[in-house]
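# Structure at a glance
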Amino acid sequence: MEKRVVFRQTFLPYLLLAPQVLVTLVFFFWPASQALYQSVLREDAFGLSSEFIWFENFSALFAEAEYLHSLEVTALFSLAVATTAMTIALYLAVQADRVIHGAMVYKTLLIWPYAVAPAVAGVLWMFLFNPSMGIVVFALRAVGYDWNHALNGHQAMALVTVSAAWKQISYNFLFFLAGMQAIPKSLIEAAAIDGARPARRFWTIVFPLLAPTTFFLLVMNVVYAFFDTFGIIHQVTEGGPAGATNILVYKVFHDGFLGLDLGGSAAQSVVLMAIVILLTVFQFQYIERKVHY
Amino acid sequence: MAEIRFNKVYKAYGNNEVIHGVDWHIRDGEFVVIVGPSGCGKSTLLRMVAGLEVITSGEIFIGDRLVNDLEPAERDIAMVFQNYALYPHMSVFKNMAYGLKIRGLPKQEIEQRVQKAADILEIGDYLKRSPRQLSGGQRQRVAMGRAIVRQPSVFLFDEPLSNLDAKLRVQMRLEIKKLQEELGITSVYVTHDQIEAMTLGHRLMVLKDGYVEQLGTPIELYERPATSFVAGFIGSPAMSFLDAEIGEDGRQVVFEGGDRLAIAGRLSLDAGSRVTVGLRPEHLVRTEEEADSLHIKVRVVEHLGADTLIHGDFGPGKADLTIRMDGIEQIRTGETLRIKAAPEHIHIFDPETGGRID
Ligand SMILES: Nc1ncnc2c1ncn2[C@@H]1O[C@H](COP(=O)(O)OP(=O)(O)OP(=O)(O)O)[C@@H](O)[C@H]1O
Ligand SMILES: [Mg+2]
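On a predicted model such as this, the values are computed, not experimentally measured, just so you know.

## Thoughts on the overall build of chain A
Along chain A, the regular secondary structure elements total 13 helices and 2 strands. Here the C-alpha coordinates of chain A stretch approximately 75 × 75 × 30 Å along the principal axes. Here chain A holds 293 residues, and the buried ones make up 42% of them. Considering only residue pairs separated by 6 or more positions, chain A has 68% of its internal contacts joining residues 24 or more positions apart. Accessible surface, chain A as shown: approximately 17100 Å² in total, 71% of it carbon and sulfur. Distance between charge centres in chain A, computed from 15 positive and 17 negative side chains, equals 21 Å.

## Considerations on the environment of Gly355 of chain B
Residue and element names in this part refer to chain B. Position of Gly355 among the secondary structure elements: in the segment after strand E20 (346–349). Owing to a relative accessible area of 19%, Gly355 belongs among the buried residues under this scheme. As a C-alpha pair, Gly355 and Thr227 span 128 residues in sequence and 4.5 Å in three-dimensional space. When sequence neighbours within four positions are dropped, the list of residues in contact with Gly355 reads Ala226, Thr227, Ile348, Phe349 and Asp350.

## Some details on the interface of chain B and chain A
Chain B puts 26 residues into the contact, and the matching count from chain A is 19 residues. For the chain B face of the interface with chain A, the top three residues by lost area are His89, Tyr98 and Ile102 of chain B, together amounting to 31%. Run the count over chain B and chain A and you get 3 salt bridges. Two residues, Glu189 of chain A and Arg47 of chain B, come together in a salt bridge whose shortest N-O distance is 2.8 Å. At the junction of chain B with chain A, the criterion picks out 10 residue pairs in polar contact (both at pLDDT 80 or more). Those elements that place two or more of their residues in the side of chain B that touches chain A are helix H1 (42–50), strand E6 (77–80) and helix H2 (92–102) of chain B. The element contributing the most residues to the side of chain B that touches chain A is H2 of chain B, with 4 residues. Tallied by class, residues from the side of chain B that touches chain A come to 15 nonpolar, 3 polar and 8 charged.

## Describing the packing of aromatic side chains
Going through the model one piece at a time under the given rule, you end up with 22 aromatic pairs over all chains. Seen from their ring centres, Phe226 of chain A and Phe227 of chain A are 5.7 Å apart, and the 40 degrees between their planes marks the pair as tilted. Note on Phe226 of chain A: relative accessible area 10%, which makes it buried. Put simply, the rings of Phe31, Phe155, Phe157 and Tyr189 of chain B touch in pairs and so form one group of aromatic residues. The positively charged end of Arg5 of chain B is found above the aromatic ring belonging to Phe61 of chain B, 4.8 Å away from the centroid. Its end group placed over the ring of Tyr13 of chain B, Lys11 of chain B keeps NZ or CZ at 4.9 Å from the ring centre.

## Quick look at the nonpolar core
Counting 97 residues, the largest nonpolar core has Phe77 of chain A together with Phe6, Leu45, Ile60 and Leu156 of chain B as its most contacted members. At 12 residues, helix H3 (residues 65–98) of chain A tops the list of elements feeding residues into this core. Not counting residues up to four positions away in its chain, the partners in contact with Leu45 of chain B are Phe6, Ile19, Val22, Ile34, Met205 and Leu207 of chain B. By size, the runner-up hydrophobic cluster in this structure holds 45 residues, among which are Val33, Tyr189, Leu221 and Val230 of chain B.

## Looking at the pattern of salt bridges
All names here are of chain B. Going through the model one piece at a time under the given rule, you end up with 18 salt bridges over all chains. The closest approach of N and O atoms between Arg203 and Glu30, which form a salt bridge, is 2.5 Å. Here Glu30 lies in the loop between strand E2 (16–26) and strand E3 (31–35) and Arg203 lies in strand E9 (residues 203–208), a separation of 173 residues in the sequence. Accessibility assignment for this pair places Arg203 and Glu30 in one class, buried. Between Arg286 and Glu329 there is a salt bridge, with its nearest N and O atoms 3.9 Å apart. Of the two residues, Arg286 is situated in strand E15 (residues 284–286) and Glu329 in the loop between strand E18 (319–326) and strand E19 (336–341); the sequence distance between them amounts to 43 residues.

## Observations concerning the site of ligand 1
Residues and elements named next belong to chain B. As a matter of local geometry, ligand 1 sits amid Tyr13, Val18, Ser38, Gly39, Cys40, Gly41, Lys42, Ser43, Thr44 and Glu159. Within the contact set of ligand 1, an oxygen atom lies 2.5 Å away from a side-chain nitrogen or oxygen of Thr44. A total of 640 Å² of accessible area belongs to ligand 1 in isolation, and the protein chains cover 58% of it. Split by residue class, the shell around ligand 1 holds 3 nonpolar, 5 polar and 2 charged.

## Digging into helix H5 (residues 166–183) of chain B
Residues and elements named next belong to chain B. Relative to the 26 Å expected for 18 residues at 1.5 Å per residue, H5 spans 26 Å between its end C-alpha atoms, a close match to the ideal helical length. Buried within H5 are the following residues: Met172, Arg173, Ile176, Leu179 and Gln180. Seen along its axis, H5 keeps its buried residues to an arc of 135 degrees; they face one direction. More than 90 degrees from the buried face of H5, the exposed residues found are Lys167, Leu174, Lys178, Glu181 and Glu182. Taken together, the buried residues of H5 touch E3, helix H3 (107–121), helix H4 (136–149), strand E7 (154–158), strand E8 (186–191) and helix H6 (194–200). Just past H5, the residue Gly184 takes up positive phi, approximately 65 degrees.

## A word on a nonpolar patch on the surface
Among the surface-exposed residues, Leu17, Val21, Leu22, Val23, Leu25, Val26, Phe27, Phe28 and Phe29 of chain A lie close enough to one another that they form a single nonpolar patch of about 900 Å² accessible area. By secondary structure assignment, the location of Phe28 of chain A is in helix H1 (residues 11–38).

## Considering a positive patch on the surface
Together, Arg200 of chain A together with Lys94, Lys101 and Lys107 of chain B make up a region of like positive charge exposed at the surface. You can see Lys107 of chain B is positioned in helix H3.

## Looking at the packing of helix H9 (residues 198–209) of chain A against H2 of chain B
Packing of H9 of chain A against H2 of chain B leaves a shortest axis separation of 13 Å and a crossing angle of 155 degrees. Put simply, H9 of chain A runs roughly antiparallel to H2 of chain B. Relative to H2 of chain B, H9 of chain A is oriented so that their crossing is right-handed. Every residue of H2 of chain B that contacts H9 of chain A at Arg200, Arg201, Thr204 and Ile205 of chain A is listed here: Tyr98, Lys101 and Ile102 of chain B. Split by residue class, the contact of H9 of chain A with H2 of chain B holds 3 nonpolar, 1 polar and 3 charged.

## Comments concerning the pairing of strand E4 (residues 57–62) of chain B
Residues and elements named next belong to chain B. Judged from the 5 bridges that link them, strand E1 (residues 4–13) and E4 form a sheet pairing that is antiparallel. If you follow Ile4 over to E4, its bridge partner there is Ile62. Pairing of E4 with strand E5 (residues 65–66) involves 2 bridges; the strand directions are antiparallel. Opposite Phe61, over in E5, you have Leu66 as the bridge partner.

Rules of the game
Residues numbered from 1 in each chain as written. Chains lettered and ligands numbered in written order. Predicted model: local features only at pLDDT ≥ 70, side-chain atom pairs only at ≥ 80, totals over all residues. Heavy atoms only, no water. Helix = DSSP H or I, 4+ residues; strand = E, 2+ residues; numbered from the N terminus. Buried < 20%, exposed > 50% of the residue type's maximum accessible area, 1.4 Å probe, protein only. Contact = heavy atoms within 4.5 Å. Areas by Shrake-Rupley, 256 points an atom, 1.4 Å probe, with all protein chains shown as cover. Lys, Arg positive; Asp, Glu negative; His and termini not counted. Charge placed at Lys NZ, Arg CZ, Asp CG, Glu CD. Buried area = accessible area lost by both parts, 1.4 Å probe. Salt bridge = Lys/Arg side-chain N within 4 Å of Asp/Glu carboxyl O. Polar contact = N/O pair within 3.5 Å; in protein donor to acceptor, adjacent residues only side chain to side chain. Nonpolar A, V, L, I, M, F, W, Y, C, P; charged D, E, K, R; others polar. Phe/Tyr/Trp six-rings, centres within 6.5 Å; stacked < 30°, edge-to-face > 60°. Lys NZ or Arg CZ within 6 Å of the ring centre and 35° of its normal. Core = buried A, V, L, I, M, F, W, Y, C linked by side-chain atoms within 4.5 Å. Near = heavy atom within 4 Å. Expected span 1.5 Å × (residues − 1). Arc of directions from axis to C-beta. Patch = residues over 30% accessible without salt bridge, like charges linked within 9 Å, V, L, I, M, F, W, Y side chains within 5 Å. Axes fitted to C-alpha atoms, helices over the stretch in contact; angles between N-to-C directions. Parallel < 35°, antiparallel > 145°, perpendicular 65-115°, else oblique. Left-handed = near helix turned anticlockwise from the far one by under 90°. Pairing = 2+ DSSP bridges.

This is the structure:
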């Protein structure tokens, strides 16, 4: 049975929708259309004159080695963040699923990082890994490993990946745990009677049944790494050293606001928009089909 | 092939004891049924045999092995769950092959065994389908198939038919019975349906609140119920219970209002002792005699075709009494009937403990 509220007059529903529609128009459609418009213009640095140049901004973009490098960095970064955050979250969810006593405490603690703003998370990790006074750096030095992410691009990438993944673990954990608890207990018991040990039960029963969750999270994590990690990058590395952590969103900001190349930056935003749209379509296509079974 | 022995088996969840000492010996090849109302501990008992619940104290043996500390996998059992518990992401074939694959059987043998089980259960056409694409009855068969391919020494069933409609339930009941007889595998079957229990089991255990009320064959339970609980639980329509006292000579029960019935033998109870008298609806017959009969005022008449059920009020207390008569009887509501029961069909219980007296 479907239950829905039916409004007699047509006015009220529109009124109720209005705030959301307004917000979407002002903060999404307006900037998006501006970006689209700007991406086909060349503007001088003072914004005094502009010239319509078709897709020159885009062709320039894809000819630019720096941009291609940023694409590569972003791909690597988002995959690394997604894999790290999901693997750890899945492991924690498996453990939490087994806990009977005090489960609530673990769950609450594990959910906290999600409430931390990206910029704050960035600061936190930056302090831990500060080359001159970070406690982790101190510990690493004690075992003979020299840490300086301000100079070493790989270390910088590792640091932003860890910072970004750390924040996302909570979110993934919640979904994995919910997904696992939705699997009927009798399936696990049937597998146990069939002779499967815990590890085998996990890989042959639990993990395949989590496929829809895993897929959903994969897309969500990639989207997160693409767009929501700006604050972390900004705090921790500012895209450096030498562009080693200069992901696409950060480059948009950097080129547009610092480099004042508005046309080029707008073209980059448009590319990002296209990526989001693609990911979303991809997501819905597969969610509909529920993956696998 | 194996026998199962329970030796003072207790189970508690925290401080809440739910099984209070079960002793039982199930013979090799026997089909036994655990029956009782919801929440009495049937599933718990079965799951302790399966190894899905820890045994709080006592011992369970399967064959000559003490299984208390063995994993489910090591107990050589197969179980059919109420919700079937088929692996939703695997085809029917893979569902049935899963346990064999884990045991490392060669591919060819797995195929042979699955095919054979599928033939027995007539599910050969569905092997490639996913469980989602099957009806409830077909899923039930697959669940059975998954149990029999393993060729275990014990089958465990937890209300396997309760999700099926009435007609299918009767059909599957017969099939399970036939299958068990053919395979001769020791089976423990849990149900709250007394008809299922009576028709399937060689022997029954009636469980109530974690206590064993009675163990015995269906006939024993029907003819000589050990407690008023068993008496009311086994048999359909259910037995009626009436309050009475023992008559002066100990050979009669006297009801409120003065009606009396003669009983078989002489009870070692004092005259005037209070008892509960149990009468099965099918053992009550109409009579013209005034002595040795009960006067019933008819409240409701149900015509079932093959028989007629009469629900009546008895005595000043208007106690419920059900009478079953063969065929179609023209009886009107409000009429007064005189009925009697043969002495050997009168069950007498202690009103305090519910225990049988004879
Ligand atoms: N995991 C558990 N934790 C605590 N109590 C439990 C647990 N499982 C069962 N019980 C309790 O044990 C008692 C017996 O439960 P059980 O599931 O064996 O009943 P049942 O006879 O199978 O009932 P049903 O016919 O409804 O399936 C019930 O009182 C139930 O509340
Ligand atoms: Mg049960």
